[in-house]
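Each chain is listed here by its residues.
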There are 2 protein chains.
Amino acid sequence: MLTLNAMYSDDILRQQLNERGLRFTPQRVKILKIFQALPRGIHWSAEELHEELVEQQERISLSTVYRTLHMMTNMGILRELELAEGHKHYELNRSSVEQHHHLVCVHCNHTLEFAEAVVDKIGGKQADSLGYHVLDCQLTLYGVCPDCRSQG
Amino acid sequence: MLTLNAMYSDDILRQQLNERGLRFTPQRVKILKIFQALPRGIHWSAEELHEELVEQQERISLSTVYRTLHMMTNMGILRELELAEGHKHYELNRSSVEQHHHLVCVHCNHTLEFAEAVVDKIGGKQADSLGYHVLDCQLTLYGVCPDCRSQG
DNA sequence: GACTTAATGAAATCTATTTTCATTTGTAAC
DNA sequence: GTTACAAATGAAAATAGATTTCATTAAGTC
């Protein structure tokens, strides 16, 4: 599995792309850089990423944003999260040792993160035994948070 | 946690609904029955459920289907799955001892199921320690299946 | 530098999902 | 049983996230 961190260089990205017959474009570099600069626990929707690009004076179309998010998810560079916001969110797919998982309140959508190295190990083992090459392992818990429980 | 199986009766559904000020309607009964009759591992989209209802001569609108799916997910009766089909799928939320998880190929969307009781235990523990009332625990692995790997 | 083909941008389109609102129907009180 | 009230439903319209189309631009290769 391709493990990433904030040091993931342009050269490695170029190599990963070229291996698959894909091209190293300034749009792709820029989008990856934004995710690398994002603090942990922050995950963005396509729309939010596009707004940030506009803010940074980058003229990257929304279509390219969507295309790039898909491509990077399929390469294992990003992870796609479906929490409770009604649209997908993306974040850098870090190495399994620093991976985290999510706990979502179905009432207020409040989301917490937690780490559980064991889960990633179990997931990896299962996938291996079934012959899959793992790109991402997500444990998502849906429930009712303390606040919403007390409010009935 | 409310644990369900195919024996979940109308009376229990009525009680669960009334407790929350919700009503026991024939549409809700029918939709739950369909999920209870569904073989394990089969999960349906709102559209598919609606087609089945039409086939069974039930005149339940698509809006009601969507509303019911949400309601039952928030009650913990159904679990909502976001695999790779582009839309959400639903299945009966069975007791944690018979719960399963998913492994999805990001290329061909082929999906496998696997059981891992430990994952549910870990998830439950995490949620408890954070004061959440767990409704559903989903481990989803994204990767590339053996077939797609060999095809490059 | 020329060539091939992938990637991009802008606009149009798609489609799953949600909302609106008039009507119907559970539920509880009488 | 009847009444009153609020919740649920159906049908249609609307929304919005996401995708597609196609002409243009620009990587990568020889």
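Provided above is the structure to which this section pertains.
Scoring rules and cut-offs
Residues numbered from 1 in each chain as written. Chains lettered and ligands numbered in written order. Predicted model: local features only at pLDDT ≥ 70, side-chain atom pairs only at ≥ 80, totals over all residues. Near = placed C-beta within 6 Å. Helix = DSSP H or I, 4+ residues; strand = E, 2+ residues; numbered from the N terminus. Nonpolar A, V, L, I, M, F, W, Y, C, P; charged D, E, K, R; others polar. Buried ≥ 20, exposed ≤ 12 C-beta atoms within 10 Å, placed from the backbone. Arc of directions from axis to C-beta. Contact = placed C-beta atoms within 7 Å. Pairing = 2+ DSSP bridges. Least-squares fit on C-alpha atoms with pLDDT ≥ 70 in both. Core = buried A, V, L, I, M, F, W, Y, C linked by C-beta atoms within 7 Å.

Chemist: Before we go on, may I ask you to explain the protein's contact with DNA strand D in this structure?
Modeler: Near DNA strand D lie 28 residues; those nearest to it are F24 and S63 of chain A together with Q27, S61 and T64 of chain B. Contributions of two or more residues to the surface near DNA strand D are made by α1 (10–19), α3 (46–55) and α4 (62–75) of chain A together with α2 (26–37) and α4 (62–75) of chain B. No other element matches α4 of chain B, which puts four residues into the surface near DNA strand D. Here the surface near DNA strand D is built from residues that sort into six nonpolar, 14 polar and eight charged.

Chemist: For this particular structure, what's the right way to read helix α3 (residues 46–55) of chain B?
Modeler: Counting along an α-helix, one turn takes 3.6 residues, and residues three or four places apart therefore face a common direction. Residues and elements named next belong to chain B. Within the sequence span of α3, burial applies to L49, H50 and L53. Buried residues of α3, viewed axially, fall in a sector of 100°; they line one side. Every exposed residue of α3 that faces more than 90 degrees away from the buried side is listed here: E47, E51, V54 and E55. In the core, the buried residues of α3 are packed alongside α2 and α4.

Chemist: Got a minute to help me understand the interface of chain A and chain B in this structure?
Modeler: Where the parts come together, the accessible area they lose is often given as the size of the interface. Counting residues at the interface gives 31 residues for chain A, matched by 31 residues for chain B. Breaking the side of chain A that touches chain B down by element, the ones donating at least two residues are β4 (111–114), α5 (117–129), β5 (133–144) and α6 (146–150) of chain A. Looking at which element gives the most residues to the side of chain A that touches chain B, the answer is β5 of chain A, with twelve residues. Within the side of chain A that touches chain B, the residues separate by chemical class into 19 nonpolar, eight polar and four charged. Of the pairings in the sheet, the one linking β5 of chain A to strand β5 (residues 133–144) of chain B comprises eleven bridges and is antiparallel in character. Across the sheet, the residue bridging to V134 of chain A is G143 of chain B, located in β5 of chain B.

Chemist: Explain the relation of the copies chain A and chain B to me, please; I cannot follow it from the model alone.
Modeler: Both copies of the chain are related by one operation, a rotation about an axis with a shift along it. It takes a turn of 180° to lay chain A on chain B, together with a shift of 0.0 Å along the axis; the resulting RMSD is 0.0 Å. Both copies of the chain, as the preceding transformation shows, are related through a two-fold rotation axis. Within chain A, the C-alpha atom positioned nearest to the axis of rotation is that of L139 of chain A, 2.1 Å from it. Most of the interface of chain A is mirrored in chain B, where 100% of its interface residues again form contacts.

Chemist: In this structure, what is going on with the protein's contact with DNA strand C? I would like to understand it.
Modeler: Around DNA strand C sit 29 residues, and of these L22, Q27, S61 and T64 of chain A together with F24 of chain B come closest. Mapped onto the surface near DNA strand C, the elements with two or more residues apiece are α2 (26–37) and α4 of chain A together with α1 (10–19), α3 and α4 of chain B. For the surface near DNA strand C, the class distribution of residues is seven nonpolar, 14 polar and eight charged.

Chemist: Would you explain the pairing of strand β3 (residues 101–105) of chain A in this entry?
Modeler: Two faces make up the sheet, and in a regular strand the side chains alternate between them. Residues and elements named next belong to chain A. A large share of β3 lies buried, amounting to four of its five residues. Alignment of β3 against β4, held across four bridges, turns out to be antiparallel. In the sheet register, V104 faces β4, and the bridge partner there is T111. Between β3 and the antiparallel strand that follows it, β4, lie five residues; N109 among them carries a positive phi value of about 70°. Inspection of the sheet shows β3 paired to β5 by four bridges, in the parallel sense.

Chemist: Explanation requested: unusual backbone geometry in the structure shown.
Modeler: Trans peptide bonds make up the majority, and among non-glycine residues the majority have a negative phi. Look at Q57 of chain B: it is not a glycine, yet its phi comes out positive at around 65°. Positive phi values are uncommon outside glycine, yet N109 of chain B reaches one of about 70°.

Chemist: I tried to follow the nonpolar core on my own but got confused; where do I start?
Modeler: Soluble, globular proteins show a tendency: their nonpolar side chains are buried together. Ranked by internal contacts, the top residues of the largest apolar core, which has 32 residues, are V119 and L141 of chain A together with V119 and L141 of chain B. Setting aside residues up to four positions removed in sequence, V119 of chain B forms contacts with V119, I122 and L139 of chain A together with H101, C137 and L139 of chain B.

Chemist: Is there a simple way to explain the environment of R14 of chain B in this structure?
Modeler: Of note, R14 of chain B is situated in helix α1. Placed 133 residues apart in sequence, R14 of chain B and D147 of chain B show a C-alpha to C-alpha distance of 47 Å.

Chemist: Help me out: how do you make sense of α1 of chain A in this one?
Modeler: Here α1 of chain A lies mainly on the outside; zero of its ten residues are buried. G21 of chain A lies just past α1 of chain A and shows a positive phi near 75°.

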